[in-house]
Amino acid sequence: MNIDFYIDRFVEPGRPMVPIEDRGYQFGDGIYEVIRAYDGVPFMVEEHLFRLERSAAAIHLQLPFPRERISEIIDEALTRSGIPNAIVYFQISRGSAPRKHQFPKVDSVMALTVRPASPPPREKYSEGISATLLTDERWANCYIKSINLLPNIIAKDRAVAGGHDEAIFVRDGHVTEGSSSNVFAVKGGALHTPPVTHWILNGITRMAVVKLAGDMDIRLHEEDFRPEWLVSADEAFITSTTAEVLPIRAIDDKPIGEGRPGPVTKKLLAAFRDQTGSLISK
Ligand code: PDD
């Protein structure tokens, strides 16, 4: 069953009415997280909550609850939902106040949903996705998981309209990240991904993959690379909570490597699935 939580309680799904003057609604003044649950167990919840706190601090937003309470609400929502493989989305808006640009002194508001996970279709994993390179037009604070996603959704829409699955952003001649994912490449057996700076979101799946690569003795370079270099890589993939580890077969219709998922990508995807699968037997 779908679950909705609003402010301080569970509510009938689809029913909560956001006040017109909610600042998340009017200004995009808020932050969010997306957490995947495997067999009812939220994956890397501590890391998500830590990132939420960092986003909140960066925009001077007081969270409505301490981290422990948010964690309890997530657990309760998952239990109530009975959905084993779920996506928990939650956002914190600065709250509702007469529309003025400066921050008002009001309480922030949490909204949370639990829905069945809908991962990309199987063939996207076996064949790989198509990506397109687009100029990164976002602001300079991409490490904040802001609900203000207009440049991201415009890029995704352009990618999809062009027959692609994801947009990969390029800023000042360097690849930053996907419109809703992090980007990795493999060349000469080594793994490459842009470094964690304010130009990208420090993805939780990225963190998990970096750790797995270390465990598997795969060399890792967290260094900037150019789009031409990416297109000439042996393998490439994106990572996100919703897509996990998703191979890229082509970028702007140029095949990556042999145009199908490569061995390092497949190994990392298998290791990631082992890790999330092991949650299930815990
Ligand atoms: N997006 N970069 C951007 C811009 C993102 O929006 C996301 C995730 C990521 C990957 O982060 P993580 O591994 O923590 O999911 C990187 C989520 C899934 C979304 O907006 O739905």
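Use the structure listed above.
As the structure is a prediction and not an experimental result, all values here were calculated from the model.

S.K.: Got a minute to help me understand the site of the ligand in this structure?
M.R.: Around the ligand there are 20 residues in total, and Tyr32, Glu177, Ile204, Thr205 and Thr241 lie nearest to it. In this structure, an oxygen atom belonging to the ligand sits 2.6 Å away from a side-chain N or O atom of Tyr32. Separating an oxygen atom of the ligand from a side-chain N or O atom of Thr205 is a distance of 2.6 Å. When isolated, the ligand has an accessible area of 470 Å², and the protein chains bury 90% of it. Listed by contribution, the elements that provide at least two residues to the shell around the ligand are β3 (30-38), β9 (174-178), α6 (204-215) and β13 (235-240).

S.K.: Hey, could you run me through helix α3 (residues 67-81) in this one?
M.R.: Because the α-helix completes a turn every 3.6 residues, residues three or four places apart line up on one side. Look at α3: 21 Å from first C-alpha to last across 15 residues, which is about the 21 Å you get at 1.5 Å a residue. Taken from the residues just after α3, Gly82 is the one with a positive phi, measuring 65°.

S.K.: Can you walk me through the packing of aromatic side chains in this structure?
M.R.: What describes a pair of aromatic rings is the distance from one ring centre to the other and the angle between the planes of the rings. One pass over the structure, following the stated rule, counts seven aromatic pairs. Taking 5.2 Å as the distance between ring centres and 75° as the angle between the ring planes, the aromatic pair formed by Phe5 and Phe10 counts as edge-to-face. Ring geometry for Phe5 against Phe65: centres 6.5 Å apart, planes inclined by 70°, an arrangement best described as edge-to-face. Taken together, the residues Phe5 in strand β1 (residues 3-6) and Phe65 in the loop between α2 (45-58) and α3 connect sequence positions 60 residues apart. In this structure Phe5 comes out as buried when scored by relative accessible area, which is 3%. Through pairs of rings, three or more aromatic residues link up here, namely Phe5, Phe10 and Phe65. Stacked on the ring of Phe103, the Lys or Arg Arg94 has its end atom at 3.4 Å from the ring centre. Positioned above the aromatic ring of Tyr125 is the side chain of Arg273, whose terminal nitrogen or guanidinium carbon lies 4.7 Å from the ring centre.

Analysis parameters
- Each chain carries its own residue numbering, running from 1 in the direction its sequence is written.
- At least 70 in pLDDT is required for a residue's local features to be given in this predicted model, at least 80 for side-chain atom pairs to be given and counted, and no such filter applies to totals for whole chains, interfaces and linings, which use all residues.
- Excluding hydrogens and water, the side-chain figures rest on all heavy atoms present in the structure.
- Think of it this way: one heavy atom of a residue within 4 Å of a molecule or strand is enough to make that residue near it.
- Counting of polar contacts relies on pairs of N or O atoms within 3.5 Å, with two restrictions inside protein: one atom must be capable of donating a hydrogen and the other of accepting it, and residues adjacent in sequence are counted only when both atoms are side-chain atoms.
- Per-residue and other accessible areas follow the Shrake-Rupley method at a 1.4 Å probe size, with only the shown protein chains counted as cover for residues.
- Comment: elements are numbered from the N terminus, with helices defined as DSSP H or I runs of at least four residues and strands as E runs of at least two.
- The span one expects for a helix is its residue count, reduced by one, times 1.5 Å.
- Planes of paired rings set the category: under 30 degrees apart is stacked, over 60 is edge-to-face and the rest tilted, where pairs are Phe, Tyr or Trp rings (Trp by its six-membered ring) whose centres lie within 6.5 Å.
- Type-normalised accessible area, obtained with a 1.4 Å probe on protein chains alone, sets the label of each residue: buried when under 20%, exposed when over 50%, and partly exposed for intermediate values.
- Two limits define a charge over a ring: the Lys NZ or Arg CZ must be within 6 Å of the ring centre, and within 35 degrees of the ring normal.

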